[in-house]
Structure formats: structure tokens, C-alpha cells
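Below are the chains, spelled out letter by letter.
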Amino acid sequence: MEEWIFQVTAVALPAIIAITLHEAAHGFVAWRLGDDTAYRLGRVTFNPIRHIDPFGTVLLPALMYFTTGFVFGWAKPVPVNFARLDHPRRDMVWVALAGPGTNFLLAVASAVVWRLVNPENSYIELWIRSAAEVSVLVNVILMVFNLIPLPPLDGGRVAVGILPDVLAVPLAKLERVGLLILMAAFFLLPMLGRQIGMDLSVMHWVLGPPVDAVIDFIRVLTGND
């Protein structure tokens, strides 16, 4: 039981913090740039209860980590009225980048903590190092996944904000089906591949190299081996 609690908390807590601060960052930047929708709804807060989706924030990331070694999850989306921003198209980019940017900073901070603690000193430091390692992985995956240039992901909104209209308009129209496209690519295709004896898993192909590159960069940045 003690080992089970150790493992679950070392995975669940970093995931909750990563997803919570990701969403809070969106709301905070939107609020500072003119849209107080999230602020009025109490979503500009570090209180995870305001952001947690019990399945998407806790159960699914933990289940995937222990079964596949990969982490995927979500929180309750922070509502943003882009039309109320001071400069809607430009500010949409900053609001979108706030979440992945926060995840990058959390990953760097977690790498620093990982380097500073010695797991041989105490059980608590062993837990801290384990949680820090998970935190780096979770935050980097969240950052890279959300930067995929497909609405409604953050990367899609960045692309819509910076691309010329001839490209931005058709891309923006994908927002309603964007998550369905992702679910089909990341989950249905691998299931189909197993049925026909082919490797159709695109998750590691799309996320693997960028995640590895960012983690290597963080190691260099923080001086970790």
C-alpha cells in the first residue's frame, strides 16, 4: 500500500499541477489583455479544484503512465472570448502560448529540483526526485502536444493568429472537428493497425522526436546528465 501511494502521488500531483497551471495561465493572460471571462468565473486561480476534470486530469494520465509510459490528459477548458481582447488576432496568440510556456517553465524548474535532491538521503527526497522526473515528462508532453498546429489546440490558435487569411480561415474552420481528428489519429488508427497487423501508431512519431528534443534541451539548460 505504501508503494502504491508513493507511485500514484508521484504521478498524479505533477499532472494536476501541470494541467492546472496551464489552464490558469490562459485565463490570466486573457484577463490582462482585456477579456475577464475566466476571471469572473473564478478560473484565474491556482486552486486545482477549479480546473480539474476527474477523468482527464487525474485518472487518464495516471493510467496511461503506468500502462504505456506516455501521458495524455486535459482539464476543464478555460473560457476565453477572443472578441473582447484588446487586439483579438494578436492577443489570441499570446493567450494560446501562455499554457505551453507555463509548462516549459515548470519542466525546467522540475529538472532543477531533480538535480538538487539526493534520493539516497531520505524517503521524502526519493519521492521528490520521482515526482520531479514525472513533472518534466508531463509538462514537456503537454507543451509539445498543445503546440500541434490544429485548432482548438494552442498551436492551432497560434497558427490562425499569425498565418495570412488565405491559410488562417480554412484552418480556423477545423476547430469543431480538431479534437475528433486527434482522437482518430492517436487512438483509433493504432487500434485499426493492431487489427490488420500494421503499426499505425502516430503518437510516438508526432510527439516522440519533439519531446526528446525538448527534454535534451532542458538537460543542457539545467546542467543535468
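Note that this is a predicted model, so its numbers are computed, not measured. (Residues numbered from 1 in each chain as written. Predicted model: local features only at pLDDT ≥ 70, side-chain atom pairs only at ≥ 80, totals over all residues. Heavy atoms only, no water.)

Notes on the overall build of the protein chain
Here comes step 1: Counting its secondary structure elements, the protein chain contains nine helices and zero strands.
Here comes step 2: Listing the helices and strands of the protein chain from first to last along the sequence gives α-α-α-α-α-α-α-α-α.
Here comes step 3: Taking 17 Å as the expected radius of gyration for a compact globule of 225 residues, we find that the protein chain reaches 18 Å, a close match to that expectation.
Here comes step 4: Taken over the C-alpha atoms alone, the protein chain extends approximately 55 × 50 × 35 Å along its principal axes.
Here comes step 5: Buried residues in the protein chain amount to 43% of all 225 residues. (Helix = DSSP H or I, 4+ residues; strand = E, 2+ residues; numbered from the N terminus. Rg over C-alpha atoms; globule rule 2.2 N^0.38 Å. Buried < 20%, exposed > 50% of the residue type's maximum accessible area, 1.4 Å probe, protein only.)

Quick look at unusual backbone geometry
Here comes step 1: The residue after Pro151, namely Pro152, is reached through a cis peptide bond having omega 10°.
Here comes step 2: Within the element layout of this structure, Pro152 appears in the loop between α5 (123-146) and α6 (154-162).

Quick word on the packing of α6 against helix α7 (residues 165-172)
Here comes step 1: Interhelical geometry of α6 versus α7 gives an angle of 150° and a closest axis separation of 8 Å. Both α6 and α7 take part in a crossing whose hand is left-handed. Residues Gly156, Ala159 and Val160 of α6 touch α7, and the partners they reach there are Ala168, Leu171 and Ala172.
Here comes step 2: Class assignment of the residues belonging to the contact of α6 with α7 gives a composition of five nonpolar, one polar and no charged. (Axes fitted to C-alpha atoms, helices over the stretch in contact; angles between N-to-C directions. Left-handed = near helix turned anticlockwise from the far one by under 90°. Contact = heavy atoms within 4.5 Å. Nonpolar A, V, L, I, M, F, W, Y, C, P; charged D, E, K, R; others polar.)

Some points on the layout of surface pockets
Here comes step 1: Of the volumes computed, that of the largest pocket is approximately 610 Å³.
Here comes step 2: Among the elements that make up the lining of the largest pocket, the one with the highest residue count is helix α1 (residues 2-32) (four residues).
Here comes step 3: Residue composition of the lining of the largest pocket, by class: 17 nonpolar, four polar and five charged. (1 Å grid on protein atoms, 1.4 Å probe; cavity = no way out; pocket = protein on both sides within 12 Å on 5 of 7 lines; lining within 4 Å. Points joined across faces, edges and corners; volume = space filled by probe spheres on them.)

Let's talk about the UniProt feature "domain: Peptidase M50" (unreviewed entry) in the protein chain
Here comes step 1: As recorded in UniProt, the feature "domain: Peptidase M50" (unreviewed entry) lies at residues 128-184.
Here comes step 2: The span residues 128-184 is 81% helical and 0% strand by assignment, and the distance between its end C-alpha atoms comes to 36 Å. (UniProt positions renumbered as here; feature names shortened; annotations may be inferred.)

Some details on the side chain of Arg157
Here comes step 1: Mapped onto the secondary structure, Arg157 falls in helix α6.
Here comes step 2: Here the side chain of Arg157 touches Pro152 through a polar contact of 3.5 Å, landing on its backbone oxygen.
Here comes step 3: In this view, Arg157 contacts Phe82, Met92, Val93, Ala96, Pro152 and Glu175; residues no more than four positions away in its chain are not counted. (Polar contact = N/O pair within 3.5 Å; in protein donor to acceptor, adjacent residues only side chain to side chain.)

Examining the packing of aromatic side chains
Here comes step 1: Using the criterion set out here, one finds four aromatic pairs in the structure.
Here comes step 2: Relative to Tyr123, the ring of Phe6 lies with its centre 5.2 Å away and its plane at 55°, an arrangement referred to as tilted. Of this pair, Phe6 sits in helix α1 while Tyr123 is found in helix α5, placing the two residues 117 residues apart along the sequence.
Here comes step 3: Their ring planes at 10° and their centres at 4.2 Å tell us that Trp31 and Tyr39 sit as a pair that is stacked.
Here comes step 4: Judged by its relative accessible area of 28%, Trp31 falls in the partly exposed class.
Here comes step 5: An aromatic cluster of three or more residues is present, and its members are Phe28, Trp31 and Tyr39.
Here comes step 6: Looking at Arg32, its charged tip hangs above the ring of Trp31, at a distance of 5.6 Å from the centre. (Phe/Tyr/Trp six-rings, centres within 6.5 Å; stacked < 30°, edge-to-face > 60°. Lys NZ or Arg CZ within 6 Å of the ring centre and 35° of its normal.)

Quick notes on the nonpolar core
Here comes step 1: In terms of nonpolar packing, the biggest core is built from 20 residues, with Val140, Ile148 and Leu207 touching the most fellow members.
Here comes step 2: When sequence neighbours within four positions are dropped, the list of residues in contact with Ile148 reads Leu153, Gly155, Gly156, Leu182, Phe186, Val206 and Leu207.
Here comes step 3: Val11, Ala15, Ala18 and Val134 belong to the second-largest nonpolar core, a separate cluster that totals nine residues. (Core = buried A, V, L, I, M, F, W, Y, C linked by side-chain atoms within 4.5 Å.)

Thoughts on the UniProt feature "transmembrane region" (unreviewed entry) in the protein chain
Here comes step 1: The UniProt feature table records "transmembrane region" (unreviewed entry) at residues 6-31, 52-72, 92-114, 126-148 and 177-193.
Here comes step 2: With 100% helix and 0% strand, the stretch residues 6-31 has end C-alpha atoms that lie 37 Å from each other.
Here comes step 3: Along residues 177-193 one finds 100% helix and 0% strand; the C-alpha atoms at either end are 22 Å apart.

Comments concerning a nonpolar patch on the surface
Here comes step 1: Judged by side-chain polarity, Phe55, Leu59, Trp74 and Met183 come together as a nonpolar surface patch covering roughly 380 Å² of accessible area.
Here comes step 2: We classify Trp74 as partly exposed; its relative accessible area is 31%. (Patch = residues over 30% accessible without salt bridge, like charges linked within 9 Å, V, L, I, M, F, W, Y side chains within 5 Å. Areas by Shrake-Rupley, 256 points an atom, 1.4 Å probe, with all protein chains shown as cover. Salt bridge = Lys/Arg side-chain N within 4 Å of Asp/Glu carboxyl O.)

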